[in-house]
Amino acid sequence: KKSSFTLYFGLVCSVIALRVILTGEFILVYFFPGIEWNLQIKAEFLTVFGGFTFFMVFLKKLFSNDFSDGIVKFYFFSAVFFSLLSIILPVKISARVLPLYHGLIIAGFFIIIASLVKAVQNRREGAVYILAGCLVLIVVVVNDILDSNGIINSVYLFPYGLLLFIFSQSVVLARIFSDSFNR
């Protein structure tokens, strides 16, 4: 139970990998040419809801004293609600609901930053690296959200931000496992 954060880190990485398969070059269509477009788009939307939720839970498990249980539960139930809407509603309507969740993500980023700053102040192991990785990831995700909603004209930066984020997480996880091995 103490290292359940690794499960959620794995879930975050799995959802992100699925998102990469579903977007961009549409790798899924290459392997399954008969897949329906609306099913692919709905799955893409689900990766947004699931990815952010698992990300929040991962950080909560890693820094349990610095993240609010109530806020993490709010994001969990919001993701369930938006996922159900996405599954039930036609793509044309659920696509209009997605920007609402994007707003929740941006608000969640402020919560994450505040919680990680608190973790750094409380001298939690690896908090500085996690904060640095999250700041990079937040900047690129906000860029991509603004670009996808037509607010700015930019390039898709998520893969690059993700690489830096995963590197920072890997450093922290390696230190945690190394310290537990040495004990």
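Computed from a prediction, not measured in an experiment: that's the story for all the values here.

Enquirer: Could you give an account of the overall build of the chain, with specific residues and numbers?
Expert: In terms of helices and strands, the chain carries seven helices and zero strands. Listing every helix and strand of the chain by position from the N terminus yields α-α-α-α-α-α-α. Here the C-alpha radius of gyration of the chain, 17 Å, is about what a compact globule of 183 residues would show, namely 16 Å. In terms of overall dimensions, the chain has C-alpha extents of about 55 × 35 × 30 Å along its principal axes. For the chain, buried positions account for 41% of its 183 residues.

Enquirer: Residues and numbers for the packing of aromatic side chains, please.
Expert: All chains considered together, the criterion is met by 13 aromatic pairs. Here tyrosine 156 and phenylalanine 158 contribute two aromatic rings whose centre-to-centre distance is 6.4 Å and whose plane-to-plane angle is 40 degrees, an arrangement assigned as tilted. Through successive ring pairs, a cluster of aromatic residues spans Phe52, Phe55, Phe74, Tyr75, Phe109 and Phe165.

Enquirer: Outline the confidence of the model for the chain, supporting the account with residue identities and numerical values.
Expert: Residues at a pLDDT of 70 or more form 96% of the chain, whose mean pLDDT is 87. Looking across the chain, the model is least confident in helix H2 (residues 27-31), with a mean pLDDT of 75, and most confident in helix H4 (residues 69-88), with 96.

Enquirer: Can you explain the packing of H4 against helix H5 (residues 91-121)? Please cite residues and give values.
Expert: At a minimum axis separation of 11 Å, H4 and H5 run at an interaxial angle of 170 degrees. Regarding the angle of H4 to H5, the classification is roughly antiparallel. Considering how the two elements wind past one another, H4 and H5 form a crossing that is left-handed. Mapping the contact onto sequence places Ile71, Phe74, Tyr75, Ser78, Ala79, Phe82, Leu85 and Ser86 in H4 and Ser94, Val97, Leu100, Tyr101, Leu104, Ala107, Gly108 and Ile111 in H5. Residues of the contact of H4 with H5, tallied by class, amount to 12 nonpolar, four polar and no charged.

Enquirer: Break down the pattern of salt bridges for me, citing the residues and quoting the values.
Expert: Throughout the structure, instances matching the rule amount to two salt bridges. Here lysine 60 makes a salt bridge to aspartate 69, at a shortest N to O gap of 2.8 Å. Residue arginine 124 pairs with aspartate 66 through a salt bridge whose shortest N-O separation is 2.8 Å. With arginine 124 in the loop between H5 and helix H6 (127-148) and aspartate 66 in the loop between helix H3 (37-62) and H4, this pair connects stretches of sequence that are 58 residues apart.

Rules behind the numbers
Residues numbered from 1 in each chain as written. Predicted model: local features only at pLDDT ≥ 70, side-chain atom pairs only at ≥ 80, totals over all residues. Heavy atoms only, no water. Helix = DSSP H or I, 4+ residues; strand = E, 2+ residues; numbered from the N terminus. Rg over C-alpha atoms; globule rule 2.2 N^0.38 Å. Buried < 20%, exposed > 50% of the residue type's maximum accessible area, 1.4 Å probe, protein only. Phe/Tyr/Trp six-rings, centres within 6.5 Å; stacked < 30°, edge-to-face > 60°. pLDDT = per-residue confidence, 0-100. Axes fitted to C-alpha atoms, helices over the stretch in contact; angles between N-to-C directions. Parallel < 35°, antiparallel > 145°, perpendicular 65-115°, else oblique. Left-handed = near helix turned anticlockwise from the far one by under 90°. Contact = heavy atoms within 4.5 Å. Nonpolar A, V, L, I, M, F, W, Y, C, P; charged D, E, K, R; others polar. Salt bridge = Lys/Arg side-chain N within 4 Å of Asp/Glu carboxyl O.

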